[in-house]
Amino acid sequence: MAILEISHVSRFFGGLAANADVSFSVEEGRIMGLIGPNGAGKTTLFNCITGYYPPSRGEIRFDGRSLNGLQPDRICKLGMVRTWQKVRPLAKLSVLDNVMIGALARTHSLNKARELAMVQLTVVGLERRADFLAGGLPIGERKKLEVARALATQPKLLLLDEVMGGLNPAESEEIIQLILAIKQQGLTQMVIEHDMKAIMRISDRIVVLNSGEKLAEGTPEEVVSNQDVVDAYLGESHA
Amino acid sequence: MRAALKLTLFLIVLGGLVAFPRMVQSPYFLQLMILVFLAVAQGQSWNILGGYAGQHSVGHAAYFGVGAYVTLILLQSRQIPPWWGIWAGVVVAVIVALIIGAICFRLRGPYFVLASIAVAEIMRLSATNLKGLTNGAEGILATDIPSLRWGERVVADFSISKVPFYYIGLGLALLTLGVAWGVAHSKLGYYLQAIREDQDAAHSLGIPIARYKNYGLMISAALTSMTGSFFGVFVGFVDPPTVLGLDVSVQIMLICIIGGMGTLYGPVLGAVVLVPLAEALRSNAVTDLLVKVGAVSPESKVGLFLKENLSHAHVLIYGILVVLVILFMPEGIVGALRKLTARRRREVA
């Protein structure tokens, strides 16, 4: 069953179409990879889906209901949450407080939120950093904090915007394992990533964007063998 | 253990403050303490919106003025005693806050600051020109405040001494401290801080930012209005510049900035430092002290110069000191103290 349906979504900035007539859907429990060259409109699409920019045209349906006109906070409450390509820790608050603020989307009790937050910190392996200031974490741990905070809102669909960007291979591997572990729990994910090896490993399906348009969609194998994708993005070495 | 220590310390200070008027009869010191309480309450009220939510309003005079005006207008034209008038002020301030919030919170950062100034200026000009309601630039004089009675017993007679104002001021300071504590230890406080740190991130985590900013503003406005009512009755007079001027807004903000924004004790420390400092500079206590210590002789040129001019320059000196504090303690007194203790802890470890 499709948990997210994107139909004919366009987003214009002035005369520029950052997304043009993009349609695809994400199956429940699967990982959808979203790739494409810089400026292809991947992050713009995330912003449309999560309510930061309303789509200029088209409709996005999540869990059976239209998201048109909904603000990001409502969309989070419905069960869809995103992380940020450029991490956005609440710098002067502790790591635990950051994740608690995510958890407070589902409870009014600070104690309950603290419990939920500790669980998620353990999931991403940051439990020993709980009392540190979020602003003082190194980049690898900030990325994990983004994920823990998003998970604490108890989403049905997690949108990860380049969580491996700027990480060394060992850290990337930890994130890959984390994404796969989250999938094991049945959570649907949509992942923007530039690291082709990683995205091929984790994705069930992949959508390729180019100049705002959908260039191709399919399983990782189908996508790498697609001549358009090779020409526009991958280059010959991947083919 | 640390919590118990804090509580004990708090109770000792509180006990001292409650006993203060019995030990010190001097009306001067009583007055000084009342002004400190007022500043604590003002700073703490601003702190909820400016410190925790990071919405730096430079127009809190609007709510301060509303409280002062509503209470004194009701007292003078309707003979409604101030302990009822203060609540009317709160109601009006919250309504004003709702209107201002609906308009200004569409704006972020410097635009919000400018809008907050504009609103306070509109209020000041309105108060100056709506002569029928506010008596214009002449202001309103509170002639006599009825004494507060419980049955037949007079609980507080405001005409004899300042002691009732002392306890009401103390109560107001404690009230704002209590509210700020409650906010800081609740979902509201966490959400306000999330908004302060990063609005977009907060929005993505399910926080309806406009609604929570409005909650913060309403609480802040209600408390600020109460401080305005207290000030109006205590001074016995309001006119537009004393309660609605831009300098009132800045003063409220400074208490919090100097003390430490977004901390529970910041406004307290800010008030304890700023009010006596302003008072000492105004009354030229600095020159007296220098003379007493023997640093300057009163007959020397320097001594005479200081005596002549220092009190005239009190606003200038105050301003320079504020700039120095902001430059060297950007996170206020509380921030500087924290850094100091953190360093010491590291040295010990």
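Calculation rules
- Residues numbered from 1 in each chain as written.
- Chains lettered and ligands numbered in written order.
- Predicted model: local features only at pLDDT ≥ 70, side-chain atom pairs only at ≥ 80, totals over all residues.
- Heavy atoms only, no water.
- Helix = DSSP H or I, 4+ residues; strand = E, 2+ residues; numbered from the N terminus.
- Rg over C-alpha atoms; globule rule 2.2 N^0.38 Å.
- Buried < 20%, exposed > 50% of the residue type's maximum accessible area, 1.4 Å probe, protein only.
- Contact = heavy atoms within 4.5 Å.
- Areas by Shrake-Rupley, 256 points an atom, 1.4 Å probe, with all protein chains shown as cover.
- Lys, Arg positive; Asp, Glu negative; His and termini not counted.
- Charge placed at Lys NZ, Arg CZ, Asp CG, Glu CD.
- Pairing = 2+ DSSP bridges.
- Axes fitted to C-alpha atoms, helices over the stretch in contact; angles between N-to-C directions.
- Patch = residues over 30% accessible without salt bridge, like charges linked within 9 Å, V, L, I, M, F, W, Y side chains within 5 Å.
- Salt bridge = Lys/Arg side-chain N within 4 Å of Asp/Glu carboxyl O.
- Polar contact = N/O pair within 3.5 Å; in protein donor to acceptor, adjacent residues only side chain to side chain.
- Domains from an automatic or database assignment.
- Buried area = accessible area lost by both parts, 1.4 Å probe.
- Nonpolar A, V, L, I, M, F, W, Y, C, P; charged D, E, K, R; others polar.
- Right-handed = clockwise from strand over helix to strand, strands pointing away.

Draft legend 1. Region of the structure containing the overall build of chain A. Along chain A, the regular secondary structure elements total 9 helices and 10 strands. Radius of gyration (C-alpha) of chain A: 18 Å, near the 18 Å computed for a compact globule of 239 residues. Seen through its principal axes, chain A has C-alpha atoms that stretch 50 × 40 × 35 Å. Burial statistics for chain A: of 239 residues in total, 54% are counted as buried. Put simply, 65% of the contacts in chain A that link residues at least 6 apart link residues at least 24 apart. Counting every atom, chain A has about 10100 Å² of accessible surface; 48% of that belongs to carbon and sulfur.

Draft legend 2. Focus on the overall build of chain B. What chain B contains, in helices and strands, is 17 helices and 4 strands. By the compact-globule yardstick of 20 Å for 349 residues, chain B fits well, its C-alpha radius of gyration being 21 Å. The buried share among the 349 residues of chain B stands at 48%. In chain B, 75% of the contacts between residues at least 6 apart in sequence involve partners at least 24 apart. Taking the average place of the 25 positive charges on the side chains of chain B and the average place of its 16 negative ones, the gap between the two points comes to 9 Å.

Draft legend 3. Seen up close, the environment of Ile209 of chain B. Residues and elements named next belong to chain B. On the secondary structure map, Ile209 appears in helix 10 (residues 209–235). Between the alpha carbons of Ile209 and Ala194 there is a distance of 9.4 Å; along the sequence they are 15 residues apart. Residues within four places of Ile209 in sequence aside, it is in contact with Arg108, Ile195, Gln199, Ala202 and His203.

Draft legend 4. Representation of unusual backbone geometry in the model. Residue and element names in this part refer to chain A. Non-glycine residue Asp21 carries a positive phi angle of around 50°. With respect to the helices, strands and loops of the structure, Asp21 is situated in strand 2 (residues 16–27). Of note, Gln154 is a non-glycine position whose phi angle comes to about 55°, a positive value. Tracing the backbone shows Gln154 in the loop between helix 5 (139–152) and strand 7 (157–161).

Draft legend 5. Main features of the sheet that holds strand 10 (residues 213–218) of chain A. Residue and element names in this part refer to chain A. On the basis of which strands lie adjacent, the open sheet formed by 6 strands has the order 6-7-8-3-9-10 and mixed pairing. Single-partner strands in this sheet number two, and they are strand 6 (80–82) and strand 10. Going across the sheet, the axis of each strand differs from the next one's by a mean of 15°, ignoring polarity. Here strand 7 pairs with strand 8 (residues 188–192) via 5 bridges, running parallel. Residue pairing for strand 8: Leu157 is matched across the bridge by Thr188. With respect to the sheet, helix 6 (residues 169–184) is in contact with strand 3 (31–35), strand 7 and strand 8, its orientation differing from that of strand 8 by roughly 155°. Running over the sheet, helix 9 (residues 227–234) touches strand 3, strand 9 (205–210) and strand 10 and is turned about 125° from strand 10.

Draft legend 6. Geometry of a positive patch on the surface. A cluster of basic residues, Arg65, Arg74, Lys77 and Arg106 of chain A together with Arg211 of chain B, forms a positive patch at the surface. Residue placement: Lys77 of chain A occurs in helix 2 (residues 72–78).

Draft legend 7. Main features of the environment of Asn129 of chain B. Residue and element names in this part refer to chain B. Structurally, the position occupied by Asn129 is in helix 5 (residues 109–129). Spatially, the C-alpha atom of Asn129 lies 9.8 Å from that of Pro240, the residues being 111 residues apart in sequence. Among the polar contacts made by the side chain of Asn129, one reaches the main-chain carbonyl oxygen of Leu125 at a distance of 2.9 Å.

Draft legend 8. Structural context of the domain arrangement of chain A. Residues and elements named next belong to chain A. Assigned domains of chain A: these are domain 1 (2–79 + 155–238) and domain 2 (86–154). Placing the centre of domain 1 and that of domain 2 at their C-alpha centroids yields a distance of 24 Å. With both sides pooled, the region where domain 1 packs onto domain 2 buries about 1200 Å², and carbon together with sulfur makes up 70% of that total. When residues of domain 1 are sorted by the area they lose upon contact with domain 2, Lys77, Pro155 and Leu178 head the list and together hold 37% of the total. Ionic pairing is found between Lys144 and Glu174, a salt bridge with its closest N-O pair at 2.4 Å. For the pair domain 1 and domain 2, the interface holds 5 residue pairs in polar contact (both at pLDDT 80 or more). Of all the secondary structure elements, the ones that give two or more residues to the side of domain 1 that touches domain 2 are helix 2, strand 7 and helix 6. No other element matches the 5 residues that helix 6 contributes to the side of domain 1 that touches domain 2. The class makeup of the residues in the side of domain 1 that touches domain 2 is 10 nonpolar, 3 polar and 5 charged.

Draft legend 9. Quick look at the sheet that holds strand 1 (residues 2–13) of chain A. Residues and elements named next belong to chain A. Taking strand neighbours across the sheet as the criterion, the 4 strands line up as 2-1-4-5 in an open arrangement whose pairing is antiparallel. Lying at the two open borders of the sheet, with one neighbouring strand each, are strand 2 and strand 5 (65–66). As paired strands, strand 4 (residues 57–62) and strand 5 are joined by 2 bridges and run antiparallel to one another. Each bridged residue has a counterpart across the sheet, and for Arg61 the counterpart in strand 5 is Ser66.

Draft legend 10. Molecular detail of the pairing of strand 8 of chain A. Residue and element names in this part refer to chain A. Most of strand 8 is tucked away: 5 of the 5 residues are buried. Where burial is concerned, the two faces of strand 8 agree: the one with Thr188, Met190 and Ile192 and the one with Gln189 and Val191 are both buried. By the bridge criterion, 4 bridges tie strand 3 to strand 8 in an arrangement that is parallel. Paired with Gly33 across the bridge in strand 8 is Val191. With respect to chirality, the unit in which strand 7 leads through helix 6 into the neighbouring parallel strand 8 is right-handed.

Draft legend 11. Region of interest: the interface of chain A and chain B. Taken together, the contacts link 26 residues of chain A with 19 residues of chain B. Carbon and sulfur atoms supply 62% of the area that chain A and chain B bury against each other, a total of about 1900 Å² over both sides. At the boundary of chain A and chain B, one finds 2 salt bridges. Our count for the chain A to chain B interface comes out at 13 residue pairs in polar contact (both at pLDDT 80 or more). Contributing elements (two or more residues each) for the side of chain A that touches chain B: helix 2, strand 6, helix 3 (95–103) and helix 4 (110–124) of chain A. For the side of chain A that touches chain B, the class distribution of residues is 13 nonpolar, 5 polar and 8 charged.

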